[in-house]
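Secondary and tertiary structure notes
This is what each chain is made of:
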Amino acid sequence: MTRILAIDDSRTMRSMLQSALADAGFDVDLAEDGVDGLEKFESTDPDLIITDINMPRLDGFGFIEGVRRGRHVSAVPILVLTTETGAQLKQRARDAGATGWIVKPFDEDKLISIIQRLVA
Amino acid sequence: MNDLNDMFFQECDDLLEGLSSGLDDLENGSGDEETVNSMFRAVHSIKGGAGAFGLDQLVGFAHAMENVLDDVRAGRLTADENIVALLFTASDHLSDLVDAARNGSDVPQGQGASILSDLKLASGVTDGDPATEAAGAKEELPAFEPLTLTVDGALPELDELLSPAAPEVTVITFRATPQLYANGHDPALLFRGLEDLGNLTVEADLSSIVPLRDAPWSTPSPSWKIRIVPDDSVDEAAIRDVFEFVDGLCELEISAETAPPDNAVAALVDGAPEAEGPSPSAGPGQGVLTVVDPAAGTRKTQAARSSTIRVDLQRVDRLINLVGELVIAEAMLRQSMDELPHSANGRVDEAMNQFKQLSGAIQESVMAIRAQPVRSLFQRMSRIVRETSREAGKSARLVTIGDATEVDKTVTERLVEPLTHMIRNAIDHGLEVPEKRRAAGKDERGTVTLEAAHRSGRVVITLRDDGAGIDRARVRQIAEEKGMIRLEDDLTDPDIDNLLFRPGFSTASEVSNLSGRGVGMDVVRNEIQALGGRVSLQSEPGNGTSVTISLPLTLAVLEGMLVRVADQSLIVPTLPLREMLQPGQARIHTLCDGDRVLALDNELVPITDLGAALGYRDGAGCIEQQSLLLIEGDSGRRSALTVDAIAEQREVVIKGLEQNYQSIPGIAAATILGDGKIALIVDTDQMIALPVKSGAADRPAPNVTGDAFHA
């Protein structure tokens, strides 16, 4: 089963992601900031990651760099959750190594179709 | 969805609390970069959640506030006094908007619009300032990198595609950069996305592939030529959509072809998984990982991030109840052991002691679950201070001490009203107007201090102001005018101060909008007493007034006097108890209808026989062999209860009765004693209010028999 790690410091958002992803039949792990996310990433070995950008301790950019250039180099697909639609933020996310992005508030069907396009 | 809704609003409360404490830090200068960051995140999270729930008004306002905080964060805007004040007002309004969204009610428009425009102005001002704007932009610039997207000749073909003479086949040439793989993309999956658009032929050009062991990281990856025979007319935008995420990570050419597909090259249908590019990676670990060390952060961020779980309050209360019973079971066990012959060995005794310690520790820990810091309560008060001082035309700031002091959740909730009233009083009546303060050599800005502390098993909350103190002459004059005291009464200063707690007292020369709402300090005292607390007042002319509230740590335990009445054990709460008297020392008069009164301090206090009042016996007991308990109710009215014997003072665990029985007049609750017997807890306020008539109870006695029951 496809395993997804969702990282957001807002518990409302975590909960929304959890229910949307679980309903679509994914295995979901949650983390509440970048540091927590890196730990969960190592322990759960997800097939795809969804992460928020603005988070305490370690933000989304830092998290992505940690996954891409950290101890265990990984090319796991990472989707960035963002409220901004600005090209600049997407560019930054991509430079950090993000695979794609989801604009909040997200539409569940859109979210699932994006994920399905990224996992085999 | 309802659960999510609740969760969102709960989270908003936490975030607003964090925002408010950040603002406090900014105001008193203890804020740092992380303070602003976490404030930004708080507003950002509120905006994000509000967007998901379609709360547009909230989103719009949060967005404006977020912009200002972002400017502060980026150094484009200095958090000076004006900005902090604006943010305070904005955070109050944000909190109003959250409340309105929660209750589905409307928000008064006028103020919000002006705050919104102030916010926009604050963040907009920097837009017009080229110097600061440039400084801000420079920070963001290194993030840009030129896009390497090749779109040669794409647009003309798009026109052709859309025209009626659109060609049948679209040809896509695609070459991935190593970064594409490193970012988690897989060309095969991209091609699968294209399959939705039509019939697909994919050819890989492997000519540029070198053996893996010779391949440096910069090796060009294979390129693919993809031909789509569209199901319907497919426009280029739909194709670009599929490549949206890899835009800039690949070379992409989209063109139209009228000629049939050239099959000279072996076609690899449905992607080319075998033709994987270099294994995904980036340069050797030069990536700098910036993990903020939590220890290096401020104490506040740690407090804000303490990990928590949310538990239904009912579960906690059930646990508290069970632990209460455990403690009682322990006492019962102890009692039956004491009745055993002493030959029983000492090891049991030792184990028993350990058991007692453990159950005591468990009880304490469980009580601590219901406890929460007064911080959120205090933060709500800072808003009251701001609003009241503005309305009263005075300048005041709130200083809080002991924010982390923990109090039972119910207590923090029920203290909101009394504290609000006390603060309004302090600012409205206590603090002088700025001119007067200057004349008296004080800081024009008054200080209201709210302090919480644990003191000998109780929570003490003190509200101090540095105002003019109580004008005792004026208080006395008003009390005389209202007939509360007589001209010749000799009153000490504390006596006069206590007049403020009398119902219907108001010192405001003119009834003000703020505190003079016909609710006086008497209501404050009633509310505090309902929580099992006491309130007292100290004042020093010229230096201010302080009001002290003392509360029990928990509402589940009550300090009481165990008494015997008509062979029943009863508990009389200690709090309203003023005196214990033996009839011999007291002057008892019998009135003509047989009622008895106690002559005390020039006042006649009605005597109520507890046994008769509760219907345990007809008529009063023999008063010479009884004891008198003098109690004073919320209203200040007093009454003397006669009981057969006073056993001891003890703490008891309160067990509600109403769930199992209906509410019984004169009885507040029950408890279980060490021997497993039930003792009812007397409701002293109701006893005072009961008709004095002894005996002749027209209702069945509240006689609960049997051993420990489960409430």
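My aim in this report is to walk through the structure given alongside it, one point at a time. Worth saying up front: this structure is predicted, and the values here are computed from it rather than measured.

A few words now on the sheet that holds strand S3 (residues 48-52) of chain A. Residue and element names in this part refer to chain A. One open sheet holds the 5 strands; their spatial order is S2-S1-S3-S4-S5, and the pairing between them is parallel. The sheet is open, and its two borders are formed by strand S2 (27-31) and strand S5 (100-103), each paired with just one other strand. Ignoring which end each strand starts from, the neighbouring axes of this sheet average 20° apart. Bridge count for S3 against strand S4 (residues 78-82) is 4 bridges, and the pairing is parallel. Bridge pairing in S4 places Asp-52 opposite Leu-81. Those strands touched by helix H1 (residues 11-23) are strand S1 (3-7), S2, S3 and S4, and its axis lies near 170° from that of S2.

So, about the interface of chain B and chain A. Taken together, the contacts link 50 residues of chain B with 45 residues of chain A. Of the roughly 3900 Å² buried between chain B and chain A on both sides combined, carbon and sulfur atoms contribute 55%. With a shortest N-O distance of 3.2 Å, Asp-14 of chain B and Arg-11 of chain A are connected by a salt bridge. Where chain B meets chain A, there are 11 residue pairs in polar contact (both at pLDDT 80 or more).

The terminal C-alpha atoms of H1 of chain A, which comprises 13 residues, lie 18 Å apart, in line with the 18 Å expected from a rise of 1.5 Å per residue. Regarding H1 of chain A, the residues found buried are Thr-12, Met-13, Arg-14, Met-16, Leu-17, Ala-20 and Leu-21 of chain A.

Okay, the environment of Pro-222 of chain B next. Residues and elements named next belong to chain B. With respect to the secondary-structure elements, Pro-222 resides in the loop between strand S2 (198-205) and strand S3 (223-230). Note on Pro-222: relative accessible area 0%, which makes it buried. Separated by 45 residues in the primary sequence, Pro-222 and Thr-177 have C-alpha atoms spaced 9.3 Å apart.

Turning next to the pairing of S2 of chain A. Residues and elements named next belong to chain A. Bridge count between S1 and S2: 5 bridges; the pairing is parallel. Paired with Leu-5 across the strands is Asp-29, a residue of S2. Handedness of the β-α-β unit built from S1, H1 and S2 comes out right-handed.

As a further point, take the packing of aromatic side chains. Here the structure, examined in full by the defined rule, presents 7 aromatic pairs over all chains. Aromatic side chains Phe-174 of chain B and Phe-191 of chain B sit 5.7 Å apart centroid to centroid with 85° between the ring planes, which places their arrangement in the edge-to-face category. With a gap of 17 residues between them, Phe-174 of chain B in strand S1 (residues 169-176) and Phe-191 of chain B in helix H9 (residues 187-195) connect regions that are remote in the sequence. Here Phe-174 of chain B and Phe-191 of chain B have matching classes, each one buried. Taken together through their ring pairs, the aromatic side chains of Phe-174, Phe-191, Trp-224 and Phe-243 of chain B make up a single cluster. We note Arg-92 of chain A situated over the ring of Phe-61 of chain A; from NZ or CZ to the ring centre the distance is 4.1 Å. Sitting above the plane of the Phe-40 of chain B ring, Arg-73 of chain B keeps its charged end 3.7 Å from the centroid.

All names here are of chain B. Within the secondary structure, Asp-497 is located in helix H19 (residues 493-498). Residue class for Asp-497 comes out buried when judged on its relative accessible area of 3%. Ignoring any residue separated from it by four or fewer positions in sequence, one finds Asp-497 in contact with Ile-470, Arg-472, Leu-537 and Ser-539.

Glancing now at the packing of helix H2 (residues 33-52) of chain B against helix H3 (residues 56-73) of chain B. All names here are of chain B. Running from amino to carboxyl end, H2 crosses H3 at an angle of 160°, the nearest separation of the two axes being 9 Å. With respect to their mutual orientation, H2 and H3 come out roughly antiparallel. For the crossing formed where H2 meets H3, the hand is left-handed. Along the contact surface, H2 presents Val-36, Asn-37, Met-39, Phe-40, Val-43, His-44, Ile-46, Lys-47, Ala-50 and Gly-51, while H3 presents Leu-58, Val-59, Ala-62, His-63, Met-65, Glu-66, Leu-69, Asp-70, Val-72 and Arg-73. Here the residues of the contact of H2 with H3 sort into 12 nonpolar, 4 polar and 4 charged.

Before going further, it helps to spend a moment on the nonpolar core. By size, the foremost hydrophobic cluster in this structure holds 83 residues, and its most contacted members are Leu-21, Ile-50, Leu-111 and Ile-115 of chain A. With sequence-adjacent residues up to four places away left out, Ile-115 of chain A is seen in contact with Ile-4, Leu-21, Phe-26, Leu-48, Ile-50 and Leu-79 of chain A.

About the criteria used
- Residues numbered from 1 in each chain as written.
- Chains lettered and ligands numbered in written order.
- Predicted model: local features only at pLDDT ≥ 70, side-chain atom pairs only at ≥ 80, totals over all residues.
- Heavy atoms only, no water.
- Pairing = 2+ DSSP bridges.
- Helix = DSSP H or I, 4+ residues; strand = E, 2+ residues; numbered from the N terminus.
- Axes fitted to C-alpha atoms, helices over the stretch in contact; angles between N-to-C directions.
- Contact = heavy atoms within 4.5 Å.
- Buried area = accessible area lost by both parts, 1.4 Å probe.
- Salt bridge = Lys/Arg side-chain N within 4 Å of Asp/Glu carboxyl O.
- Polar contact = N/O pair within 3.5 Å; in protein donor to acceptor, adjacent residues only side chain to side chain.
- Expected span 1.5 Å × (residues − 1).
- Buried < 20%, exposed > 50% of the residue type's maximum accessible area, 1.4 Å probe, protein only.
- Right-handed = clockwise from strand over helix to strand, strands pointing away.
- Phe/Tyr/Trp six-rings, centres within 6.5 Å; stacked < 30°, edge-to-face > 60°.
- Lys NZ or Arg CZ within 6 Å of the ring centre and 35° of its normal.
- Parallel < 35°, antiparallel > 145°, perpendicular 65-115°, else oblique.
- Left-handed = near helix turned anticlockwise from the far one by under 90°.
- Nonpolar A, V, L, I, M, F, W, Y, C, P; charged D, E, K, R; others polar.
- Core = buried A, V, L, I, M, F, W, Y, C linked by side-chain atoms within 4.5 Å.

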